[in-house]
Amino acid sequence: MSRAIDDLRNEHEAILSALGILDAMAGRLGGKKPPTGADLRGFIGFLKEFADKCHHGKEEGILFPAMAKAGIPEQGGPVGQMLAEHAEGRKLIKAMEAAVDPLDSRAFAEAAAGYAGLLRSHITKENQVLFPIAERMIPAPELDVIFERFEQHEETVIGHGRHEELHALLKELKRRYA
């Protein structure tokens, strides 16, 4: 395995953990101790910044173009499917966001369930299909360069130390809700 693909797989683990927290938060919306609006907004912020801007940004801006250069078409194949699912995920995040102020528990829970289901399936496809293709088709030295570009992406797009701050937020939300 390459460091580049390992990095994406490790981020998948964090996203899967986050989806468990999302499930718990959505499940508590109608209960005695529902999540606060601030916690829901904070969680949505995590999804937008970590899952989309950082993780999907690495895929869309770095990995997928490298795959296209290696001969894997961006349209109509596994890359095209992943891009479509990224777009669908963004729509579901917007739906969750719209359901927070004022809180519409049912709409939030529906969007959260849709997002969690989409991402769990998406991650399985990437881990089992897309990433093995990338490692087969992209030469090892180029995968090392891709990893370095991932590191640069984190620094320039989300900032130094922000990755760790986002993980700390996730840990705190897990303590409260999972």
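It should be noted that the structure appears before, not after, this text.
Heads up: these notes are all about the structure in this document. All figures in this text were calculated on a predicted structure; none of them were measured in a lab.

**Some thoughts on the packing of aromatic side chains**
Any two aromatic rings considered together are summarised by their centre-to-centre distance and by the angle between their planes.
Now for step 1: Counted by the stated rule, this structure contains two aromatic pairs.
Now for step 2: With centroids separated by 6.2 Å and ring planes inclined at 35°, the aromatic side chains of Phe43 and Phe46 adopt a geometry described as tilted. On the criterion of helical spacing, the pair formed by Phe43 and Phe46 is a turn pair, its members being three residues apart in helix α2 (residues 37-69).
Now for step 3: Judged by its relative accessible area of 1%, Phe46 falls in the buried class.
Now for step 4: Relative to Phe50, the ring of Phe46 has its centre 5.2 Å away and its plane inclined at 20°; by these criteria the two rings are stacked. With Phe46 and Phe50 both in helix α2 and four residues apart, this pair spans about one turn of that helix.
Now for step 5: Here Phe50 falls in the buried class, since its relative accessible area comes to 0%.
Now for step 6: By the ring-pair criterion, three or more aromatic residues cluster together here, those being Phe43, Phe46 and Phe50.

**Some words on the environment of Ile93**
Now for step 1: Summarising the element assignment, Ile93 is placed in helix α3 (residues 78-98).
Now for step 2: A relative accessible area of 5% places Ile93 in the buried class.
Now for step 3: As a C-alpha pair, Ile93 and Arg3 span 90 residues in sequence and 29 Å in three-dimensional space.
Now for step 4: Look past the residues within four positions of Ile93 in its chain and what remains in contact with it is Ile44, Leu47, Lys48 and Tyr115.

**Observations concerning the packing of α2 against helix α6 (residues 162-177)**
Now for step 1: One can describe the packing of α2 onto α6 by two numbers: an axis separation of 11 Å at closest approach and a directional angle of 140°. Of the possible angle classes, the one that applies to α2 and α6 is oblique. For the pair α2 and α6, the sense of crossing is left-handed. Contacts between α2 and α6 pair Asp39, Gly42, Phe43, Phe46, Glu49, Phe50 and Cys54 from the former with Arg162, His163, Leu166, His167, Leu169, Leu170, Leu173, Arg176 and Tyr177 from the latter.
Now for step 2: Its residues placed into classes, the contact of α2 with α6 shows nine nonpolar, three polar and four charged.

**Observations regarding the pattern of salt bridges**
Now for step 1: With the rule as written, the count across this model stands at 16 salt bridges.
Now for step 2: Note that Glu85 and Lys125 form a salt bridge whose closest N and O atoms lie 2.5 Å from each other. Of this pair, Glu85 sits in helix α3 while Lys125 is found in helix α4 (residues 105-137), placing the two residues 40 residues apart along the sequence.
Now for step 3: Lys125 gets classed as partly exposed once you look at its relative accessible area, which sits at 30%.
Now for step 4: Shared partners join several salt bridges into a network, and the residues in it are Asp7, Glu11, Lys58 and Glu154.

What counts and how
- Residues numbered from 1 in each chain as written.
- Predicted model: local features only at pLDDT ≥ 70, side-chain atom pairs only at ≥ 80, totals over all residues.
- Heavy atoms only, no water.
- Phe/Tyr/Trp six-rings, centres within 6.5 Å; stacked < 30°, edge-to-face > 60°.
- Helix = DSSP H or I, 4+ residues; strand = E, 2+ residues; numbered from the N terminus.
- Buried < 20%, exposed > 50% of the residue type's maximum accessible area, 1.4 Å probe, protein only.
- Contact = heavy atoms within 4.5 Å.
- Axes fitted to C-alpha atoms, helices over the stretch in contact; angles between N-to-C directions.
- Parallel < 35°, antiparallel > 145°, perpendicular 65-115°, else oblique.
- Left-handed = near helix turned anticlockwise from the far one by under 90°.
- Nonpolar A, V, L, I, M, F, W, Y, C, P; charged D, E, K, R; others polar.
- Salt bridge = Lys/Arg side-chain N within 4 Å of Asp/Glu carboxyl O.

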